[in-house]
Amino acid sequence: MGIRYVSSATGGIELLLDWLSRWARDTPDAPFLIDGRQTVDFGHAYQRVAALAGGVRSKLPLGARVGVVMYPNVESVLMALAVPMAGMTLVPLPATVDDVERRRLSEIAGVHSVLGSAHDFETSLGLAEPEDDAAHSAVFTSGTSGLPRAARLTWANIEASAAASAAHIDHSASDRWLAVLPLHHVGGLSILWRSVRQGSAVLLAGPFNPGKVVGLIQDGEVTLASFVSPMVEQLLEYGLDRAPNFRCGLIGGGPASERALSASPLLLLPTYGMTETGSQVATADPAEPRPDRLVVLDGASVSVSETGHVVVDGPMVSRGYLDEPDRVGPLVTGDLGAMHGNRLEVIGRSDSVIVTGGENVMPERVESAIARLSGVGRVAVVGVPDPRWGELVAAAYTGTADHPDIETHLRGVLASFEIPRRWVRVSELPMIGVGKVDRSAVARLFDTGSAS
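No experiment lies behind these values; they were computed from the predicted model shown.

Peer 1: When you look at the pattern of salt bridges in this model, what are you seeing that I'm missing?
Peer 2: Oppositely charged side chains are able to pair whenever their charged atoms sit close together. The full count for this structure, using the stated rule, is 21 salt bridges. One salt bridge connects Arg-65 with Asp-323, and the closest N-O pair in it is separated by 3.0 Å. Placement of the pair is Arg-65 in strand S3 (residues 65-69) and Asp-323 in the loop between strand S16 (309-313) and strand S17 (331-340), with a sequence separation of 258 residues. By relative accessible area, which is 23% here, Arg-65 ends up partly exposed. Its salt-bridge partner being Arg-365, residue Glu-418 comes within 2.7 Å of it at the nearest N-O pair. Of this pair, Glu-418 sits in the loop between helix H11 (403-410) and strand S23 (422-425) while Arg-365 sits in helix H10 (residues 363-371), placing them 53 residues apart in sequence.

What follows is the structure in structure tokens.
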């Protein structure tokens, strides 16, 4: 289908505010935001965003970094759209943390103000006229270590990302995208950006509730969705067995479990991307959704370096982080991969490789083998220090299976050095970000003496 770039009145590519204006003119009654309490069409959304942007412009200096707490409701979304359209940089802040943590993130990002009620800002001053390369958002990455960093995304980055996604899954104005991922993460934000661009509706379903989501899907209310693997597994536990009108779902935030992909009635497309790329840059082919062969999206350039690291370039790639110099050259990620023509295979994280007795072990490979066994839920494999071997392979898992039975299963699947030497069964794995296991916290489980 290919990417469609449209010239704006200023001669650059058409940006999100141009798209919002277009839909407000051409399809003003089409639904845009639905949150259970209200439905806002494109005509009224544009009016509200313009008024909010005018209010922000009247109170804050041009170019300021402005925090918005991203509650899963219409008011937060309208404010988040208005801030960049006022000529400011949006800093989306989590609604799921306390005020102390939000203040910490605001200080790291150099936020000028955190906006409160949308009604306090509405005026008639109107929208700014941003350039393609102007800052749009500064979005915190979901890394598991170190000081949080916020990736700088421009208007052009977001346009390129949304265009590539739309081309790959044939996203159109008739779609209704289910939003259950946190809206302060790029996975949730990108749903808003894509839907503005395509003139389609967003169903703001609030914090993830598997029973509610099963009802929405089985009632035919959803055509597109974004998930992480544990969400899909919970939908299956709640009896999801049909999906009328559902076209496809993107599944990211880490490797998709085999159960989530094989047992679900949903067409699920594993994706690869990150905050620094405005979301996905490679996604499974809808006609052949193999999780180990992801199609590089139009406009993106993905390769693998001599050291095995995935390298990404293209118009959707951020040039760097807040208060850091622009990156020179493409983005060299911490992920290991292999290319098969225009298909990317993601092998794992380079910083998670376990070296035991001189042998390299990819934890993702071991996790995949363990997860195939009946009675196993989620799995995390880490290295723990050992005076003889350097590191031992250790596995934490949820489920009812006993680890001696798992070891027996693994002997015919993995090399002997890949089979975990230490095990712990837990009620749930420690998590960080959206669907990401906190490997540091998992490693600490083996310091408690409860592991065998």
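Peer 1: Quick question: what am I supposed to make of unusual backbone geometry here?
Peer 2: Excluding glycine, a negative phi dihedral is what most residues carry, and trans is how most peptide bonds are arranged. With a phi angle near 55 degrees, Asp-170 is a residue other than glycine that sits in the positive phi range. By the element assignment, Asp-170 lies in the loop between helix H5 (155-169) and strand S8 (176-179). The residue Ser-279 is not glycine, and still its phi comes out positive at about 115 degrees. Its place among the elements puts Ser-279 in strand S13 (residues 279-284). Given the relative accessible area of 11%, Ser-279 is considered buried.

Peer 1: Explanation requested: the sheet that holds strand S21 (residues 376-386) in the structure shown.
Peer 2: Backbone hydrogen bonds hold the strands of a sheet together, and the pairing may be parallel or antiparallel. Judged by pairing direction, the sheet is mixed, and its three strands sit side by side in the order S21-S22-S23 without closing on themselves. Of all strands in the sheet, those with a lone pairing partner are S21 and S23, marking the two edges. Averaged over all pairs of adjacent strands, the angle between strand axes in this sheet comes to 20 degrees, irrespective of strand direction. Where strand S22 (residues 390-399) and S23 come together, four bridges link them in parallel fashion. Bridging across to S23, Ala-394 finds its partner in Arg-422. Helix-sheet contacts for H10 involve S21, S22 and S23, and the interaxial angle to S21 is about 140 degrees. Together, S21, S22 and S23 form the strand contacts of H11, whose direction differs from that of S23 by roughly 130 degrees.

Quick notes on the rules
Residues numbered from 1 in each chain as written. Predicted model: local features only at pLDDT ≥ 70, side-chain atom pairs only at ≥ 80, totals over all residues. Heavy atoms only, no water. Salt bridge = Lys/Arg side-chain N within 4 Å of Asp/Glu carboxyl O. Helix = DSSP H or I, 4+ residues; strand = E, 2+ residues; numbered from the N terminus. Buried < 20%, exposed > 50% of the residue type's maximum accessible area, 1.4 Å probe, protein only. Pairing = 2+ DSSP bridges. Axes fitted to C-alpha atoms, helices over the stretch in contact; angles between N-to-C directions. Contact = heavy atoms within 4.5 Å.

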